[in-house]
Amino acid sequence: MLEHDALSRVVVCLLVALVVCGTVPATAVAQTNGQTGGTVVVEEGETVDNLEAFGGSVVVRGTVTGDVSAVGGDVRIERTGEVGGNLEAAGGSVTIAGTVDGDVEVGAGSLTVTESGTVGGTLMAGVGSATIDGTLEGDAEIGAETIRLGETAAIAGDLRYDGDLQGNTDAVAGEIQEDASLGVDVAPTIHPFASWLFAAYVLAVNLLLGAVLLALFPRFSDGVADRVAAGPLRSGLVGLGVFVGIPVVLIALAITVVGIPLSLIGGFVFGLLLWVGTIYGRFAVAAWLLSLLGVGNRWLALVLGLVAGALLSRLPIPVVGGAINLVVLLLGLGALVRGLVGNWRSARNRDQQRPAGPDSDEPTAD
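Keep in mind it's a predicted model, so treat the numbers as computed, not measured. (Residues numbered from 1 in each chain as written. Predicted model: local features only at pLDDT ≥ 70, side-chain atom pairs only at ≥ 80, totals over all residues. Heavy atoms only, no water.)

### Topic: the overall build of the chain
Thought 1: Check the secondary structure of the chain and you find eight helices and 20 strands.
Thought 2: Residue burial in the chain is summarised as follows: out of 366 residues, 39% are buried.
Thought 3: In the chain, once contacts between residues fewer than 6 apart in sequence are set aside, the share between residues at least 24 apart is 30%. (Helix = DSSP H or I, 4+ residues; strand = E, 2+ residues; numbered from the N terminus. Buried < 20%, exposed > 50% of the residue type's maximum accessible area, 1.4 Å probe, protein only. Contact = heavy atoms within 4.5 Å.)

### Thoughts on a nonpolar patch on the surface
Thought 1: A grouping of L233, L237, L240, F243, V244, V248 and L326 is seen on the molecular surface, where their side chains present a nonpolar patch of about 630 Å² in accessible area.
Thought 2: No other element matches helix α5 (residues 232–255), which puts six residues into the nonpolar patch.
Thought 3: Topologically, L240 is positioned in helix α5.
Thought 4: Looking at L240, the relative accessible area reads 39%, which means it is partly exposed. (Patch = residues over 30% accessible without salt bridge, like charges linked within 9 Å, V, L, I, M, F, W, Y side chains within 5 Å. Areas by Shrake-Rupley, 256 points an atom, 1.4 Å probe, with all protein chains shown as cover. Salt bridge = Lys/Arg side-chain N within 4 Å of Asp/Glu carboxyl O.)

### Considering the UniProt feature "transmembrane region" (unreviewed entry) in the chain
Thought 1: According to UniProt, the positions carrying the feature "transmembrane region" (unreviewed entry) are residues 196–217, 237–262, 268–292, 299–317 and 323–341.
Thought 2: Taken as a whole, residues 237–262 contains 85% helix and 0% strand, while its terminal C-alpha atoms sit 26 Å from one another.
Thought 3: Segment residues 323–341 splits into 100% helix and 0% strand. End C-alpha atoms: 27 Å apart. (UniProt positions renumbered as here; feature names shortened; annotations may be inferred.)

### With respect to helix α7 (residues 298–313)
Thought 1: In this model, α7 (16 residues) spans 23 Å end to end at C-alpha, consistent with the 22 Å of a helix rising 1.5 Å per residue.
Thought 2: Measuring from the side-chain oxygen of the N-cap residue of α7 to the backbone nitrogen of W299 gives 2.9 Å; that N-cap residue is N297. (Expected span 1.5 Å × (residues − 1). Polar contact = N/O pair within 3.5 Å; in protein donor to acceptor, adjacent residues only side chain to side chain.)

### Side note on the sheet that holds strand β3 (residues 47–48)
Thought 1: Strand order in the open sheet formed by seven strands is β3-β6-β9-β12-β14-β16-β18, and the pairing between neighbours is parallel. Among the strands making up the open sheet, the edge pair consists of β3 and β18 (154–155).
Thought 2: Where strand β16 (residues 135–136) meets β18, two bridges bridge the pair, whose relative direction is parallel. Residue L136 lies in a different strand from β18, and its bridge partner there is I155. (Pairing = 2+ DSSP bridges.)

### Description of the nonpolar core
Thought 1: Residues L87, V94, I96 and I142 are the most contacted members of the largest nonpolar core, which totals 42 residues.
Thought 2: Dropping the residues within four chain positions of it, I96 is found in contact with I77, L87, V104, T112, V113, T114, G117, T118 and V119.
Thought 3: Y201, W275, L290 and L302 belong to the second-largest nonpolar core, a separate cluster that totals 37 residues. (Core = buried A, V, L, I, M, F, W, Y, C linked by side-chain atoms within 4.5 Å.)

### Regarding the packing of α5 against helix α6 (residues 260–292)
Thought 1: Two elements in contact, α5 and α6, have axes separated by 8 Å at closest approach and are oriented at 160 degrees. Classified by the angle between their axes, α5 and α6 sit roughly antiparallel to one another. Relative to α6, the crossing made by α5 is left-handed. Of α6, the residues touching α5 (which contributes V242, F243, I246, P247, L250, L253 and A254) are I260, L262, S263, G266, G267, F270, L273 and L274.
Thought 2: Of the residues assigned to the contact of α5 with α6, the class counts are 12 nonpolar, three polar and no charged. (Axes fitted to C-alpha atoms, helices over the stretch in contact; angles between N-to-C directions. Parallel < 35°, antiparallel > 145°, perpendicular 65-115°, else oblique. Left-handed = near helix turned anticlockwise from the far one by under 90°. Nonpolar A, V, L, I, M, F, W, Y, C, P; charged D, E, K, R; others polar.)

This is the structure:
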């Protein structure tokens, strides 16, 4: 009965983790006239008001009478699409093949204005690469590694740029000015908003999984925290061995044709192990610090640990926050693996010591 109950808890925890894992890269929160969903598509012939999306792709084939704001996914304004207001996008790639009547502010991997694309207002972009083949009716400020102006491009205003400007510079009717500050300052309101919003989303997901772990495995979770507090060096070394050793084994498996499926499954399990190890590490360190103050609330430790880890990732000097989070990960990963191995050994010893046969005093399973 106890073994069945423990197995049920493991299955429930894995199912929740799998659902959450699948949600992290794909979940989108969007609003089109009050509707919510994943990838947002405004179909041809459809008209909506303002459109806001987070985490998913946005495709506009119809008409958006107001503004379009998208964070975290790709944005594409199709040839038949029209945006009556402004377009603000941060995250993946942005393609404008239709019409945007207002301003465009983009912080993304790439920006493309196709031959049929038109921007009625000012274009401000901080991107990896920018390709302009369409019409810009206002000024343009572009910071990118590569800026290509096609033969069909037309910029009615001035062009301020930072990067490698290539192609048809005669397309610019106004002045062309190189400005080294654009690579940092273009679209200043988009980048912080996108990164902070994504950080808050990750924090919420981590809190969800952490709550599941503490609720389903309270004694095991306390044991992880105790191992970090009592033997941080040992837990850290075990975590380092797992952190380095498992990828080596997975790569060795991937080299063989037979081992590729095992390598793929092992990669997923390893990623889940790193995720849980991160949560347990932050929880354990916070629990230890709270114990120094005489506080023993595991839920408070979970919240404080995860919030502190998220804030460390936002430090102005990312190397410092990254190094601290790595150490915490190794501590949590090592304590987690030590706990799993210890439970496995205890279960095996109980099986070996349990008398077998019909003459045993121990009750037998049905």
